Amino acid sequence: MQPDTAAAAADLSIELPRLQHVLSGLIPHDLVSFLDVWGGNILALCALILISVLMTRACSRFTEVPGRLQNAVEAVVEAMENILNDILGSSMHEFLPFLGTLFLFIFIMNLTGLIPLLHSPTSQFEIALSLAIVVFCYVQMVAIRKLGLIGYIDHLMSSPRDLVGWLLAPLMLLLHLIAELVRPISLALRLFGNITGEDALIAAFTGLGVLALSGIGSPVGLPLGLPFIFLGMLFGLVQAFVFTILSAVYIAQVLPPEGESHAKNPIKS
Amino acid sequence: MNYLSITLPLGVCVTALGSAIGLGLAVTSAMNAVARQPEAAGKIQMLLVIGCAFIEALTIYAVVVVFILQGKM
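Residues numbered from 1 in each chain as written. Chains lettered and ligands numbered in written order. Predicted model: local features only at pLDDT ≥ 70, side-chain atom pairs only at ≥ 80, totals over all residues.

Overview of the overall build of chain A
Part 1 of the argument: Broken down by element type, chain A carries nine helices and zero strands.
Part 2 of the argument: Each helix and strand of chain A, placed in order from N terminus to C terminus, yields the pattern α-α-α-α-α-α-α-α-α.
Part 3 of the argument: Overall, chain A is about 80 × 50 × 35 Å in size when its C-alpha atoms are taken along their principal axes.
Part 4 of the argument: The buried share of chain A, reckoned over its 269 residues, is 27%.
Part 5 of the argument: Look at the contacts in chain A between residues 6 or more apart in sequence, and 65% of them connect residues 24 or more apart. (Helix = DSSP H or I, 4+ residues; strand = E, 2+ residues; numbered from the N terminus. Buried ≥ 20, exposed ≤ 12 C-beta atoms within 10 Å, placed from the backbone. Contact = placed C-beta atoms within 7 Å.)

This is the structure:
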């Protein structure tokens with residue numbers, strides 16, 4: 001699928017008004033079209049700055065008895081550690097910074113769509129796809145660094161050691177290559193589809209609430225979209241979680257077997 | 001109005017039906033597993049979330065197809 005097709009399709013889908021469209025009479029037309037294209041990227045940048053500032057402030061002065069911010073950040077990091085420990089085992093600490101940042105970044109971007117007049121950057125296919133491509137490149141880099149180039153190709157051929165293995169090696173290589181290339185697309189489509197669908201759901205029910213009272217000339221509508229905002233918060237958390245967990249599973253699959261911790265990885269996508 | 005206005009909702013409907021059956025089976029098994037071994041609840045829950053993501057991704061693909069074809073309706 002071409003990203004521009006998806007973007008055009010996303011523009012057609014129902015959504016709540018954006019800030020630049022509400023203010024379109026007050027700000028120049030060029031700025032409106034600029035924000036239409038780059039708004040998601042600007043929001044993503046804001047999310048990054050927010051995470052950086054929060055984390056820097058939490059880490060700037062560690063105390064024995066943690067303050068409120070440090071306590072919250074420690075709780076998040078400990079929860080991430082527990083989850084990743086099941087998947088990655090002892091090498092978890094090497095990948096925790098990347099995966100934790102990924103989780104927080106996607107989570108905050110998903111929640112941005114619930115703020116009135118803003119939209120989720122992850123409901124643009126380009127941004128979801130770029131996140132997935134980052135994960136893809138990171139997994140390839142980890143694989144080549146841990147296994148070596150020859151070792152990685154051997155891993156892709158399912159480590160042939162006997163005659164049957166070598167006969168099947170070209171087939172295995174092809175299958176593994178296709179699997180590697182499909183992963184970023186499926187990761188991106190899952191995130192993009194879920195967040196777009198959730199935003200469209202909230203917009204549809206908010207519109208319905210406005211429509212319900214428009215017959216009697218009421219200036220305000222029923223808050224029918226409200227329950228779906230809570231659903232949206234849950235979806236944003238679950239999708240960020242799933243994206244992070246799947247990235248961790250992809251990393252765990254290319255790590256060299258280290259006895260017990262490798263056997264702990266039961267998912268073969 | 002053309003045939004897409006019937007087939008697009010129908011496509012999502014059929015994929016959602018399939019996903020619902022799959023999710024039902026997965027959640028049933030997970031609940032059984034937790035009931036048998038409550039101490040493994042954390043691990044089972046994580047596997048369940050990953051599995052559910054894979055299952056429901058298929059419905060999401062159908063929804064994405066609807067978004068793409070919406071312009072032709």
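From this point on, the discussion continues.
Digging into the overall build of chain B
Part 1 of the argument: From N to C terminus, chain B includes two helices and zero strands.
Part 2 of the argument: Seen through its principal axes, chain B has C-alpha atoms that stretch 55 × 15 × 10 Å.
Part 3 of the argument: Expressed as a percentage of the 73 residues in chain B, the buried residues total 12%.
Part 4 of the argument: Residue pairs at least 24 apart in sequence account for 82% of intrachain contacts in chain B once pairs closer than 6 positions are excluded.

Let's talk about the confidence of the model for chain A
All names here are of chain A.
Part 1 of the argument: Scored by pLDDT, chain A has a mean of 83; 90% of the residues are at 70 or more.
Part 2 of the argument: Element-level pLDDT for chain A is lowest in helix α1 (residues 3-12), with a mean of 44, against a maximum mean of 92 in helix α5 (residues 92-112).
Part 3 of the argument: Across residues 1-12, where pLDDT falls below 50, the model places 20 contacts with residues more than four positions away in sequence or in other chains.
Part 4 of the argument: Low pLDDT (under 50) marks residues 260-266, which in the prediction has 11 contacts with non-local residues, meaning those over four places away or in another chain. (pLDDT = per-residue confidence, 0-100.)

Focus: the environment of B:Thr15
Residue and element names in this part refer to chain B.
Part 1 of the argument: By secondary structure assignment, the location of Thr15 is in helix α1 (residues 4-36).
Part 2 of the argument: For the pair Thr15 and Gln45, spaced 30 residues apart in sequence, the C-alpha to C-alpha distance is 24 Å.
Part 3 of the argument: With near-sequence residues (within four places) excluded, Thr15 lies in contact with Leu58, Thr59 and Ala62.

A few points about the nonpolar core
Part 1 of the argument: Ranked by internal contacts, the top residues of the largest apolar core, which has 50 residues, are A:Leu88, A:Ile106, A:Ala128, A:Ala188, A:Phe243, A:Ala248 and A:Ile251.
Part 2 of the argument: Secondary-structure elements contributing two or more residues to this core are α3 (29-60), α4 (68-88), α5, α6 (125-156), α7 (163-214) and α8 (226-254) of chain A together with α2 (41-69) of chain B.
Part 3 of the argument: In contact with A:Ala248, other than residues within four places in its own chain, are A:Leu84, A:Ile87, A:Leu88, A:Phe95 and A:Leu99. (Core = buried A, V, L, I, M, F, W, Y, C linked by C-beta atoms within 7 Å.)

Remarks on the interface of chain B and chain A
Part 1 of the argument: Opposite the 15 residues of chain B that make contact, chain A presents 21 residues.
Part 2 of the argument: Residue composition of the side of chain B that touches chain A, grouped by class: 12 nonpolar, two polar and one charged. (Nonpolar A, V, L, I, M, F, W, Y, C, P; charged D, E, K, R; others polar.)

So, the environment of A:Leu189
Part 1 of the argument: Mapping A:Leu189 onto the fold places it in helix α7.
Part 2 of the argument: We classify A:Leu189 as buried; it has 21 C-beta atoms within 10 Å.
Part 3 of the argument: Taking the C-alpha atoms as reference, A:Leu189 lies 9.3 Å from A:Ala132; in sequence the two are 57 residues apart.
Part 4 of the argument: Contact partners of A:Leu189, with chain neighbours within four places excluded, come to B:Ile60, B:Tyr61 and B:Val64.

Considerations on the packing of α1(B) against α2(B)
Part 1 of the argument: As a packed pair, α1(B) and α2(B) sit with axes 9 Å apart at the nearest point and diverge in direction by 175 degrees. Taken together, α1(B) and α2(B) sit at an angle that is classed as roughly antiparallel. (Axes fitted to C-alpha atoms, helices over the stretch in contact; angles between N-to-C directions. Parallel < 35°, antiparallel > 145°, perpendicular 65-115°, else oblique.)

A short note on unusual backbone geometry
Backbone phi values are negative for most residues with the exception of glycine, while trans is the configuration of most peptide bonds.
Residue and element names in this part refer to chain A.
Part 1 of the argument: At Leu117, a position not held by glycine, the phi torsion is positive, near 75 degrees.
Part 2 of the argument: With respect to the helices, strands and loops of the structure, Leu117 is situated in the loop between α5 and α6.
Part 3 of the argument: Its 12 C-beta neighbours within 10 Å are what place Leu117 among the exposed residues.

Quick word on α6(A)
Residues and elements named next belong to chain A.
Part 1 of the argument: With 32 residues, α6 ought to run about 46 Å at 1.5 Å a step, yet its terminal C-alpha atoms sit only 29 Å apart, falling short of that.
Part 2 of the argument: The sharpest bend along α6 comes to roughly 105 degrees, located at Gly148.
Part 3 of the argument: Among the residues of α6, those classed as buried are Phe125, Ile127, Ala128, Leu129, Leu131, Ala132, Val135, Val142, Ala143 and Leu156.
Part 4 of the argument: With its phi angle positive at about 60 degrees, Ser158 sits one or two positions after the end of α6. (Expected span 1.5 Å × (residues − 1). Bend = angle between axes of the 7 residues up to and from the residue.)

Some thoughts on the packing of α4(A) against α5(A)
Residues and elements named next belong to chain A.
Part 1 of the argument: For the pair α4 and α5, interaxial distance at closest approach is 10 Å and the crossing angle is 125 degrees. The pairing of α4 with α5 is recorded here as oblique in orientation. Like other packed secondary-structure pairs, α4 and α5 cross with a definite hand, here right-handed. The residues of α5 that touch α4, namely those facing Val77, Met80, Glu81, Leu84, Asn85 and Leu88, are Met92, Phe95, Leu96, Leu99, Gly100 and Phe103.
Part 2 of the argument: Residues belonging to the contact of α4 with α5 are distributed by class as follows: nine nonpolar, two polar and one charged. (Left-handed = near helix turned anticlockwise from the far one by under 90°.)

Regarding the environment of A:Arg183
Residue and element names in this part refer to chain A.
Part 1 of the argument: If you trace the backbone, Arg183 turns up in helix α7.
Part 2 of the argument: Assessed through the 18 C-beta atoms surrounding it within 10 Å, Arg183 is described here as partly exposed.
Part 3 of the argument: Sequence separation between Arg183 and Ile49 is 134 residues; the distance between their C-alpha atoms is 28 Å.

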